[in-house]
Amino acid sequence: MKTIIKNGMVVSPAETYEADILIDGEQIRCIGRDLADEEARVIDAAGKYVIPGAVDVHTHMDLQAGSSRAVDDFYDGTVAAACGGTTSIVDHMAFGPAGCGLHHQLAEYHRLADGKAVIDYGFHGVAQHVNRSILDELEAMAEDGVPSIKVYLTYDFRLNDAEAFQILKRMKELGGVTAFHCENHDIVEYCRRTCVETGHTGPIYHAKSRPNLAESEAVARVLSLARLAGDAPVYIVHLSCKESLEAVRDARRKGQKNIFVETCPQYLTLTEEKYLEPDGLKYVMSPPLRTAWDCEALWEGLACGDIQVVGTDHCPFNYHKEKQLGKDDFTKCPNGAPGVEERVPLLFSEGVLKNRISVNRFVETVCANPARIYGLYPQKGILQPGADGDLVILDPAAEWTITHDKMHSAVDYTAYEGMAVKGKIDLVMQRGRVVAENGAFTGERGAGRFIHRKCYGAE
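Since the model is a prediction, treat every value here as computed from it, not as a measurement.

**A closer look at the overall build of the protein**
A count of helical and extended segments in the protein gives 12 helices and 19 strands. Radius of gyration (C-alpha) of the protein: 21 Å, near the 23 Å computed for a compact globule of 459 residues. Out of the 459 residues belonging to the protein, those deemed buried represent 61%. Of the roughly 16500 Å² that the protein leaves accessible, carbon and sulfur atoms contribute 48%. Averaged over its 49 positive side-chain charges, the protein has a centre that lies 2 Å from the centre of its 66 negative ones.

**Description of the UniProt feature "domain: Amidohydrolase-related" (unreviewed entry) in the protein**
Feature annotation in UniProt places "domain: Amidohydrolase-related" (unreviewed entry) on residues 49-435, given in this structure's numbering. What you have in residues 49-435 is 35% helix and 19% strand, and the ends, taken at the C-alpha atoms, are 18 Å apart.

**Section: the layout of surface pockets**
Counted as a void, the largest pocket has a volume near 920 Å³. In terms of lining residues, the largest pocket is bounded by 36 residues, among which Ala-65, Gly-66, Phe-95, Tyr-155 and Asn-335 are the most central. Of all the elements in the fold, those that place two or more residues in the lining of the largest pocket are β7 (64-65), β11 (148-152) and α5 (185-197). Here the lining of the largest pocket takes three residues from α5, the largest share from any one element. Taken together, the residues of the lining of the largest pocket sort by class into 14 nonpolar, 14 polar and eight charged.

**Focus on the UniProt feature "modified residue: N6-carboxylysine" (unreviewed entry) in the protein**
Within this numbering scheme, the UniProt entry marks Lys-150 as carrying the feature "modified residue: N6-carboxylysine" (unreviewed entry). Residue position: Lys-150 is located in strand β11. Those residues in contact with Lys-150 that lie beyond four places of it in its chain are His-58, His-60, His-92, Gly-125, Val-126, Ala-127, Ala-179, His-181 and Val-237.

**So, the pattern of salt bridges**
Considering all chains together, one arrives at 36 salt bridges under this definition. The partner of Asp-328 in a salt bridge is Lys-327, with the nearest N and O atoms 3.0 Å apart. A relative accessible area of 56% means that Lys-327 is categorised as exposed. Linking Lys-380 and Asp-390 is a salt bridge whose minimum nitrogen-to-oxygen distance equals 2.8 Å. Here Lys-380, found in the loop between α12 (359-373) and β16 (391-401), pairs with Asp-390, found in the loop between α12 and β16; they are 10 residues apart in sequence, far enough to count as distant. Note on Lys-380: relative accessible area 2%, which makes it buried. When salt bridges that share partners are traced, they join Glu-26, Asp-120, Lys-380, Asp-388, Asp-390, Arg-431 and Arg-449 into one network.

What counts, and at which threshold
Residues numbered from 1 in each chain as written. Predicted model: local features only at pLDDT ≥ 70, side-chain atom pairs only at ≥ 80, totals over all residues. Heavy atoms only, no water. Helix = DSSP H or I, 4+ residues; strand = E, 2+ residues; numbered from the N terminus. Rg over C-alpha atoms; globule rule 2.2 N^0.38 Å. Buried < 20%, exposed > 50% of the residue type's maximum accessible area, 1.4 Å probe, protein only. Areas by Shrake-Rupley, 256 points an atom, 1.4 Å probe, with all protein chains shown as cover. Lys, Arg positive; Asp, Glu negative; His and termini not counted. Charge placed at Lys NZ, Arg CZ, Asp CG, Glu CD. UniProt positions renumbered as here; feature names shortened; annotations may be inferred. 1 Å grid on protein atoms, 1.4 Å probe; cavity = no way out; pocket = protein on both sides within 12 Å on 5 of 7 lines; lining within 4 Å. Points joined across faces, edges and corners; volume = space filled by probe spheres on them. Nonpolar A, V, L, I, M, F, W, Y, C, P; charged D, E, K, R; others polar. Contact = heavy atoms within 4.5 Å. Salt bridge = Lys/Arg side-chain N within 4 Å of Asp/Glu carboxyl O.

Next comes the structure, spelled out in structure tokens:
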């Protein structure tokens, strides 16, 4: 099967140029002008951008969180991703039983995803305790295509500083990347408890109980641990506030290397005023939504390259069911929101078309950088000969409004209901096959493949 995408504006992190793309089977064969092949299907992309299939390295499909389970499994969630221009995900595993090894959850997640995912997928490991067995098992995980692991500094299976430091040292030896959820657990728990004891249980107190400094303190501490571990590669997930970005900049000014930073569309476009609305429980996520001041700081960080990745932290719970557990007490509400389908058009509309970031920075942060950092590049994240035929045709002139009925997730809401967007996805290809067109899913259940990722820096 051959396809030629003709006359589109091809976008890479470095340049934008008009060209044709010939896809032969599952891979890009060549990029040039006036390409022709009698056997090829021709798709005209004149006046439109052609970008690599987007890569989301922060999703939570089928996640068990306390008594609630994320409502998107690996089928529903990847259908939503595909329709939103994302052709590869790297999913963060949920915690397993106390004391389990790393491969316990890897086996469980293969069971959950294999045969369901419609796009290609990988997994991050999760560290919930540290001993010699776990440190040794990190090498086997990398050999099995999982050269990254996540550490939580809050929640039930949080690690202390000594444990996090050991993980960082071992992952540096292996050429792997350690991702961190950065919040000061003790401060957050104290603030949450104080809110409840004083009768402040509405959604806005979710934000008030997780202040900016509780995040930025933890970010600074993690960066110090990574530096102590010899500048071990460290990835800060869902950075949400100005103070945390300043901590990153400070570490880099002092010469620290291998720091990678991710933010999410919700922290760029939504503010804590959402918690004051009647449906404020929809926005209970951790870290919480911040202020407009923080949003602008993050856009600036994205534009100048201080933030390398925009992920989603897609973790959907139904507003009319699971989220209602928090109707009388925000601390009972499961944390998380949908976003895997909205990310690409939102960032293009709010970022590129409002001149906050260039179209090249857009492609860098949603395609190339996540693929490079997490070992999918150059198979994913770039349009070049030999890369997978994953691409998105995006019409920059089309205007539309985000509404729940247009989304493909199983969840019962979108956090961006009613938001006007300019720039619409016309077509999405995964390894040379059209998986979404004009807002409709056209792919196949189980067509996604597990991505055996490389260690950091290996190409």
